[in-house]
Amino acid sequence: MPLITTRHKTFELQEGETLLEGLERTGHEVEYQCRSGYCGSCRVKLLSGKVSYQEFPLAFIGPNEILPCCCTVIEPIEIDSAMRMTEPDLFDVDLFDEPIENG
Ligand code: FES
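Quick caveat: nothing in here was measured; it's all calculated off a predicted structure.

(A) Here's a closer look at the overall build of the chain. Looking only at helices and strands, the chain features 1 helix and 7 strands. Taken from N to C terminus, the helices and strands of the chain fall in the order β-β-α-β-β-β-β-β. In terms of overall dimensions, the chain is more spread out than a globule: its C-alpha atoms have a radius of gyration of 19 Å, far above the 13 Å expected for 103 residues. For the chain, buried positions account for 21% of its 103 residues. Within the chain, counting contacts between residues at least 6 apart in sequence, those at least 24 apart form 52% of the total.

(B) Molecular detail of the sheet that holds strand β7 (residues 77–79). The sheet built from 5 strands is open, its strands ordered β2-β1-β7-β3-β5 with mixed pairing. Two strands in the sheet have a free side with no partner beyond their single neighbour: β2 (10–12) and β5 (65–66). Bridge analysis of strand β3 (residues 44–48) against β5 gives 2 bridges, and the strand direction is antiparallel. In the sheet register, Lys45 faces β5, and the bridge partner there is Glu65.

(C) The nonpolar core, seen in detail. The biggest cluster of nonpolar side chains holds 15 residues, and the ones touching the most others in it are Ile4, Leu19, Leu20, Leu67, Cys69, Cys71 and Val73. When contributions to this core are tallied by element, the ones reaching two or more residues are α1 (19–25), β6 (71–73) and β7. A per-element tally of this core places α1 first, with 3 residues. When residues no more than four places from it in sequence are discounted, the contact partners of Leu19 are Ile4, Leu13, Pro68, Cys71 and Val73.

(D) Structural context of the environment of Thr6. Looking at the secondary structure, you find Thr6 in the loop between β1 (3–5) and β2. In this structure the C-alpha to C-alpha distance between Thr6 and Pro88, which are 82 residues apart in sequence, comes to 24 Å. Those residues in contact with Thr6 that sit more than four places away from it in its chain are His28, Ile79, Ser81 and Ala82.

(E) Geometry of the environment of Met85. Among the secondary structure elements, Met85 is positioned in the segment after β7. Separated by 70 residues in sequence, Met85 and Glu15 place their C-alpha atoms 27 Å apart.

(F) Up close: the pairing of β3. Strand direction decides the pairing type here: β3 and β7, joined by 2 bridges, are antiparallel. When the bridges of β7 are listed, Leu46 appears paired with Ile79.

(G) Focus on the environment of Tyr38. Considering the arrangement of structural elements, one finds Tyr38 in the loop between α1 and β3. Owing to 14 C-beta atoms within 10 Å, Tyr38 belongs among the partly exposed residues under this scheme. Distance in space between the C-alpha atoms of Tyr38 and Cys70 is 9.6 Å, their sequence separation being 32 residues.

What counts and what doesn't
Residues numbered from 1 in each chain as written. Predicted model: local features only at pLDDT ≥ 70, side-chain atom pairs only at ≥ 80, totals over all residues. Helix = DSSP H or I, 4+ residues; strand = E, 2+ residues; numbered from the N terminus. Rg over C-alpha atoms; globule rule 2.2 N^0.38 Å. Buried ≥ 20, exposed ≤ 12 C-beta atoms within 10 Å, placed from the backbone. Contact = placed C-beta atoms within 7 Å. Pairing = 2+ DSSP bridges. Core = buried A, V, L, I, M, F, W, Y, C linked by C-beta atoms within 7 Å.

Just distances and angles here, no functional claims.
This is the structure in structure tokens:
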């Protein structure tokens, strides 16, 4: 399966997996709505390599942009996609971790 290189990671797509699913599985920040080429929410910049489409998507895509939900990766590609940022969970922080001093 073709290698996908993003800003932070290189990974291989699994059998039957879309690029969008691969990006989600590997912890990338991805947006989506329709997951079928209509809305354009998932578009990312293609930095190198090629993809194809079984049916040309209805969503607008600019030059060098691809739709990970419906493209077929046909060779190793590099895309401008970053890892999902995780906010620190305030409920996990122990606010009362400081030792209590008596006196
Ligand atoms: S999620 Fe709508 S075009 Fe990809």
